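Working through the structure, step by step
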Amino acid sequence: AQTVTQSQPEMSVQEAETVTLSCTYDTSESDYYLFWYKQPPSRQMILVIRQEAYKQQNATENRFSVNFQKAAKSFSLKISDSQLGDAAMYFCAYFPYGGATNKLIFGTGTLLAVQP
Amino acid sequence: DAGVIQSPRHEVTEMGQEVTLRCKPISGHNSLFWYRQTMMRGLELLIYFNNNVPIDDSGMPEDRFSAKMPNASFSTLKIQPSEPRDSAVYFCASTLGSTDTQYFGPGTRLTVL
């Protein structure tokens, strides 16, 4: 079964500093997508970044970047120049491309606090 | 462009009552997903539709839950009768193409007393 593991239930970072959130996954598929979603206190699920497994280049969106290690099945999120608005729960998610069911599989989340 | 719209944002009801949650996907998107989020189970897929047709409802917990998508711009998730253990946040998400990025609505927080 495909699983997503986020081993850090909580993280804290100082404003303007950099923080890395960890995610590992287990799959036998070779083609899939990986996502990071952000859920602030408003509970809206907001897409942060997406990575296609076939791409070797790590995805980047402004202050957000990933370190995708396919062989290690690792997909960490780096947030640079952290801002107070980055405080939220962050979910890593896996999606099997062309799978039998189009199911996003989520990790348990990492709660990020940003200290002023 | 408006995102996914869900209503109501909050619902409080008593055990045994019927509850209907509503979702309007992003215009042009042809796949729609219903998720439930609880502390115990995290985010779990309940059902998804492709071109208004239910494709996978294996996540629907039991017969008390039903979902419909009568047209491309509207879907409902109904719980009848509701139970306290149904209390959760219910999300709707839509995509253009069932394998594309899913965009979530703001969620409906359901409390069953």
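Cut-off values and rules
Residues numbered from 1 in each chain as written. Chains lettered and ligands numbered in written order. Predicted model: local features only at pLDDT ≥ 70, side-chain atom pairs only at ≥ 80, totals over all residues. Heavy atoms only, no water. Contact = heavy atoms within 4.5 Å. Buried area = accessible area lost by both parts, 1.4 Å probe. Salt bridge = Lys/Arg side-chain N within 4 Å of Asp/Glu carboxyl O. Polar contact = N/O pair within 3.5 Å; in protein donor to acceptor, adjacent residues only side chain to side chain. Helix = DSSP H or I, 4+ residues; strand = E, 2+ residues; numbered from the N terminus. Nonpolar A, V, L, I, M, F, W, Y, C, P; charged D, E, K, R; others polar. Pairing = 2+ DSSP bridges. Axes fitted to C-alpha atoms, helices over the stretch in contact; angles between N-to-C directions. pLDDT = per-residue confidence, 0-100. Buried < 20%, exposed > 50% of the residue type's maximum accessible area, 1.4 Å probe, protein only. Disulfide = S-S within 2.5 Å.

**Examining the interface of chain B and chain A**
How large an interface is tends to be reported as the accessible area lost when its parts come together. The partner chain A presents 19 residues to the 24 residues of chain B that form the contact. Roughly 1700 Å² of surface becomes buried between chain B and chain A when both sides are summed, with 49% attributable to carbon and sulfur atoms. For the interface between chain B and chain A, the tally reads 0 salt bridges. The interface formed by chain B and chain A holds 8 residue pairs in polar contact (both at pLDDT 80 or more) in total. Counting only elements with at least two residues in the side of chain B that touches chain A, the list comes to β4 (31-38), β5 (42-50), β9 (88-95), β10 (103-104) and β11 (108-112) of chain B. When grouped by side-chain class, the residues that make up the side of chain B that touches chain A number 10 nonpolar, 10 polar and 4 charged.

**Overview of the sheet that holds strand β8 (residues 74-79) of chain B**
All names here are of chain B. As summarised here, the arrangement of the 4 strands in space is β1-β3-β8-β7, forming an open sheet in which the pairing is antiparallel. For this open sheet the edge positions go to β1 (5-7) and β7 (65-71), each flanked by a neighbour on one side alone. Shown here is a sheet whose adjacent strand axes are inclined to one another by a mean of 15°, direction ignored.

**Section: the confidence of the model for chain A**
Chain-level statistics for chain A give a pLDDT mean of 93 and a share of 96% at 70 or above. Considering each helix and strand of chain A separately, the mean pLDDT is smallest for strand β11 (residues 105-106) of chain A, with a value of 92, and largest for strand β3 (residues 19-21) of chain A, with 98.

**Points about the environment of Cys-23 of chain A**
Residues and elements named next belong to chain A. For Cys-23, the position within the fold is in the loop between β3 and β4 (24-26). Residues Cys-23 and Leu-77, 54 residues apart in the sequence, show an inter-C-alpha distance of 8.0 Å. Contacts of Cys-23, omitting those with residues within four sequence positions, involve Val-4, Thr-5, Gln-6, Trp-36, Lys-73, Ser-74, Phe-75, Ser-76 and Cys-92.

**Quick look at the environment of Glu-14 of chain B**
Residue and element names in this part refer to chain B. Here Glu-14 lies in the loop between β2 (10-13) and β3 (19-24). Accessibility expressed as a relative area gives 54% for Glu-14, which makes it exposed. Separated by 67 residues in sequence, Glu-14 and Pro-81 have C-alpha atoms that sit 9.6 Å apart. Discounting residues that sit within four places of it in the chain, Glu-14 has contacts with Ser-82, Val-112 and Leu-113.

**Section: the state of the cysteines**
The final tally for this structure, using the stated rule, is 2 disulfides over all chains. Paired through a disulfide, Cys-23 of chain A and Cys-92 of chain A show a sulfur-sulfur distance of 2.0 Å. Here the S-S torsion is close to -70°, and the disulfide linking Cys-23 of chain A with Cys-92 of chain A is therefore left-handed. Of the two residues, Cys-23 of chain A is situated in the loop between β3 and β4 and Cys-92 of chain A in strand β10 (residues 88-96); the sequence distance between them amounts to 69 residues. The class for Cys-92 of chain A is buried, based on a relative accessible area of 0%. Here Cys-23 of chain B pairs with Cys-92 of chain B through a disulfide, and the sulfurs are 1.9 Å apart. Between Cys-23 of chain B and Cys-92 of chain B the disulfide shows an S-S torsion of about -70°. By sign, it is left-handed. Of this pair, Cys-23 of chain B sits in strand β3 while Cys-92 of chain B sits in strand β9, and the two are 69 residues apart along the sequence. There is no split in this pair, since Cys-23 of chain B and Cys-92 of chain B are both buried.

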